[in-house]
Amino acid sequence: MSYKVLLADDEKIIVEGISSLVDWKSLDTELVATARNGIEAYEKIVELKPDIVISDIRMPGMDGLSLVSKIHEELPSIKF
């Protein structure tokens, strides 16, 4: 079973760097989406229900800590 991962960061270079440098297959994971802010991340998490979310703490719209709190209430099985 492959784990689904969502990556959220407001800095494009960080998203592109992590997306391309991590060997997702070797970690038995699949990068299913990226998001540029907390609100976009929240919407994609609810839609895609990834197993793991890698998130920046400081993002526009909704910061990473608020995102964790909100998702933990609705989808507690998702790991951050």
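Computed from a prediction, not measured in an experiment: that's the story for all the values here.

> Tell me what's going on with the packing of helix α2 (residues 38-48) against helix α3 (residues 64-74), and back it up with residues and numbers.
Two elements in contact, α2 and α3, have axes whose closest approach is 10 Å; the angle formed by their N-to-C orientations is 20°. Overall, the two elements α2 and α3 adopt an arrangement that is roughly parallel. At the point where α2 passes α3, the crossing takes the right-handed sense. Where α2 approaches α3, its residues G38, A41, Y42, I45 and V46 are matched on the opposing element by L67, K70, I71 and E74.

> Describe the pairing of strand β1 (residues 3-8), and please don't skip the residues or the numbers.
Direction of pairing for β1 relative to strand β2 (residues 29-35): parallel, over a ladder of six bridges. The residue of β2 that forms the bridge with A8 is A35. With respect to chirality, the unit in which β1 leads through helix α1 (residues 12-21) into the neighbouring parallel β2 is right-handed. Sheet topology note: the β1/strand β3 (residues 52-55) ladder contains four bridges and is parallel.

Conventions and cut-offs
Residues numbered from 1 in each chain as written. Predicted model: local features only at pLDDT ≥ 70, side-chain atom pairs only at ≥ 80, totals over all residues. Heavy atoms only, no water. Axes fitted to C-alpha atoms, helices over the stretch in contact; angles between N-to-C directions. Helix = DSSP H or I, 4+ residues; strand = E, 2+ residues; numbered from the N terminus. Parallel < 35°, antiparallel > 145°, perpendicular 65-115°, else oblique. Left-handed = near helix turned anticlockwise from the far one by under 90°. Contact = heavy atoms within 4.5 Å. Pairing = 2+ DSSP bridges. Right-handed = clockwise from strand over helix to strand, strands pointing away.

These figures come from the coordinates and say nothing about function on their own.
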